[in-house]
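Structural characterization, general
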Amino acid sequence: MSGKRIVVIGASRLGCDFALAARSAGHEVTLVDEHPQELKSMSFDAPYFYGSGLPASLSDETAVFDNVLSSNEALLECVENDVDVKIGVVAWGAFHNAPNSQHIGVPKVGIVSREGNELLEYDQLVLATGSRDFVPSFQGWELPGVLGAKAGLKLLQSYQCFNATRCLVLGTTAVAVEFAKAARDFGIDVAGFVEPTASFQAEAQMFEWVSSGGIPIFYESVVLEAKGTDKIGSAVIIAADGSGSLAEIACDSICVAIGVLPNVELQAAMGCEMRFDDTIPAWVPKVNGDRETSISHVYWLSSFDPTDEQTAKALAAIENGPTGTNAALAQSHGRQADYINLWVTKLHEMGGADVVLCQCETVTRGEFLNLQPPRYLKAGLKVIHDPVTGGEDGPKINQDLAKRMTRVGMGHCQGKRCRDEAAFLLSQRFGVPLRDIRPGSYRFPIRPIDMSLIAAEDDDYHTREKWPHWMHEEVVPVDVAGTE
């Protein structure tokens, strides 16, 4: 059956491939992507960790728009094939009938641009929301110049601007080498790679590129501190076994390329059933063999699934209905969990409890783990608490409890900087496996946006006239003139 209204969120390779395939099959396709972003939106570190050293050239909206559009060939192909492409547009929420919301009717996606808000009705929703940076804390990580690898690649390859001349890279993962290649192509000197283990993490071909380029690799070491005042001037690295300082490296930026995690804010907030994947490590939507989530007609396409036929499977399910299979997801990222856990462990051991974990609320690691109330309350705990609860299934932790006690994850970045490291710290401190730590909740809007853009121009009649009586009487529909 052709002619369905399909909304695709995310102009990733998978998103664009699906949009093209669906359009070719005769469907009405809308492709939404939040890039190019406004400079003020990027300062909230969503969806990537840009840090506070964003280039001023991002203020030139015309140049940024041209750069981002021209750098994505798949997106241009979508435009040429009559896909309704909406770029620079944020998908801030998605709504469907559920036990607590019976009035939605046709499912909708809320999108907002610089001009205003729109609710897109859909028959099928495809979430190709990509991945984001994992950036753990260390002394000085709030300085301008610290950023994630995904953010760095986006700035270099799409926005075509980067505010640094010499960059130190944390990690030797594939994304770390990919960033280093892009940086060198842009004329940026790579000061070296910092690696806590004794071996290079990316494949042999990438190691050969690093070696042939003469880029130093500091094995069995981690970053201790980024030094500087208004920007980074150098980075101190220390032996991972704590035996002492190894070197102070001159650099004006630090790219954290330890790992990437899937973007699942929209999926989680709209109510998709989630499962924990130990290898990533992250909560991801449960999907069947057709890539359909627990919410009917909502699909998830992700590079965290190595299946090359994702687009074909999802499109076939939309065309012909679900097959009912429940194939388990096989992950291509190996044991990324072990690598991230090692970094968090070593950074905590070397840096200590006084390093700021949550930049928004200025909460240290120690204050978070001790469930200390926010400093501005000027109050301590009369009784020492811990977040662990028990039961027949063993100890568990609800991250929302720790968030409400300490405000870690409640700042303007909506927890995008700190929520993942916070879960690791809770796991290490209290011995509770990550899968038994219930993640902090997501709520709409999933991006920091101007609320005036999504607010109704005026309340309807029932909201304006009847709200004091909702708890006491049944509201009988009437028109504005009051005729029953």
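Just above sits the structure.
Being a predicted model, the structure only gives us computed values, none of them experimental.

**Digging into the overall build of the protein chain**
The number of helices and strands found in the protein chain is 14 helices and 25 strands. For 484 residues, the compact-globule estimate of 2.2 N^0.38 gives 23 Å, and the protein chain sits close to it at 24 Å. Across its three principal axes, the protein chain shows a C-alpha extent of roughly 80 × 60 × 45 Å. Looking at the protein chain residue by residue over its 484 residues, the buried ones come to 51%. Here the contacts in the protein chain between residues at least 6 apart in sequence split such that 64% fall between residues at least 24 apart. By element, 50% of the accessible surface of the protein chain is carried by carbon and sulfur atoms, the whole surface being about 21,900 Å². Across the protein chain, the mean location of the 40 positive side-chain charges is 5 Å away from that of the 64 negative side-chain charges.

**A short note on the state of the cysteines**
All told, the structure shown has 0 disulfides when counted by the stated rule. We note that Cys16 lacks a disulfide partner, and the nearest cysteine sulfur, in Cys78, lies 4.2 Å from it. Classification of Cys16 as buried rests on a relative accessible area of 0%. Here Cys360 is not cross-linked by a disulfide; its sulfur's nearest cysteine counterpart is in Cys413, at 3.8 Å.

**Re the pairing of strand β6 (residues 117-121)**
Two strands pair when backbone bridges link them, and strand β5 (residues 108-112) and β6 are joined in this way by 5 bridges, in the antiparallel orientation. Residue pairing for β6: Val112 is matched across the bridge by Asn117. The antiparallel hairpin formed by β5 and β6 contains 4 residues in its connecting segment, where Gly116 sits at a positive phi of about 160°.

**Examining the packing of aromatic side chains**
Within the structure shown, the criterion is met by 9 aromatic pairs. Pairing Tyr48 with Tyr50 gives two aromatic rings, centres 6.2 Å apart and planes at 70°, and the pair type is edge-to-face. Judged by centre distance (5.6 Å) and plane angle (65°), the ring pair of Trp92 and Phe95 falls under edge-to-face. Taken together, the ring pairs in this structure connect Trp92, Phe95 and Phe444 into an aromatic cluster.

**Remarks on the sheet that holds strand β4 (residues 90-95)**
The antiparallel open sheet is built from 3 strands, whose spatial order is β4-β5-β6. Strands with a single pairing partner mark the edges of an open sheet, and in this sheet they are β4 and β6. Adjacent strand axes in the sheet meet at a mean angle of 25°, parallel and antiparallel pairs treated alike.

**Quick notes on the packing of helix α5 (residues 149-159) against helix α6 (residues 174-185)**
At a closest axis distance of 10 Å, the pairing of α5 and α6 adopts a crossing angle of 30°. Judged by the inter-axis angle, α5 sits roughly parallel to α6. The handedness of the crossing between α5 and α6 comes out as left-handed. On the side of α5, the interface is formed by Ala149, Gly152, Leu153, Leu156 and Gln157, while α6 contributes Val175, Glu178, Phe179, Ala182 and Ala183. Its residues assigned to classes, the contact of α5 with α6 shows 7 nonpolar, 2 polar and 1 charged.

**A closer look at the environment of Ile9**
Residue placement: Ile9 occurs in strand β1 (residues 5-9). Judged by its relative accessible area of 7%, Ile9 falls in the buried class. With near-sequence residues (within four places) excluded, Ile9 lies in contact with Val32, Ala91, Val109, Leu125, Val126, Leu127, Ala128, Thr129 and Leu266.

**A short note on unusual backbone geometry**
Among all residues save glycine, negative phi is the norm, and among peptide bonds the norm is trans. Note the cis peptide between Ala46 and Pro47, where omega equals 5°. Within the fold, Pro47 resides in the loop between α2 (39-42) and α3 (61-70). Note the cis peptide between Ile280 and Pro281, where omega equals -5°. By the secondary structure assignment, Pro281 is in the loop between β18 (274-277) and β19 (282-285). Look at Asp45: it is not a glycine, yet its phi comes out positive at around 60°. Considering the arrangement of structural elements, one finds Asp45 in the loop between α2 and α3. In this structure, Arg407 takes a positive phi of about 75° despite not being glycine. Mapped onto the elements of the fold, Arg407 is located in the loop between α12 (399-406) and α13 (419-430).

Definitions and limits used
Residues numbered from 1 in each chain as written. Predicted model: local features only at pLDDT ≥ 70, side-chain atom pairs only at ≥ 80, totals over all residues. Heavy atoms only, no water. Helix = DSSP H or I, 4+ residues; strand = E, 2+ residues; numbered from the N terminus. Rg over C-alpha atoms; globule rule 2.2 N^0.38 Å. Buried < 20%, exposed > 50% of the residue type's maximum accessible area, 1.4 Å probe, protein only. Contact = heavy atoms within 4.5 Å. Areas by Shrake-Rupley, 256 points an atom, 1.4 Å probe, with all protein chains shown as cover. Lys, Arg positive; Asp, Glu negative; His and termini not counted. Charge placed at Lys NZ, Arg CZ, Asp CG, Glu CD. Disulfide = S-S within 2.5 Å. Pairing = 2+ DSSP bridges. Phe/Tyr/Trp six-rings, centres within 6.5 Å; stacked < 30°, edge-to-face > 60°. Axes fitted to C-alpha atoms, helices over the stretch in contact; angles between N-to-C directions. Parallel < 35°, antiparallel > 145°, perpendicular 65-115°, else oblique. Left-handed = near helix turned anticlockwise from the far one by under 90°. Nonpolar A, V, L, I, M, F, W, Y, C, P; charged D, E, K, R; others polar.

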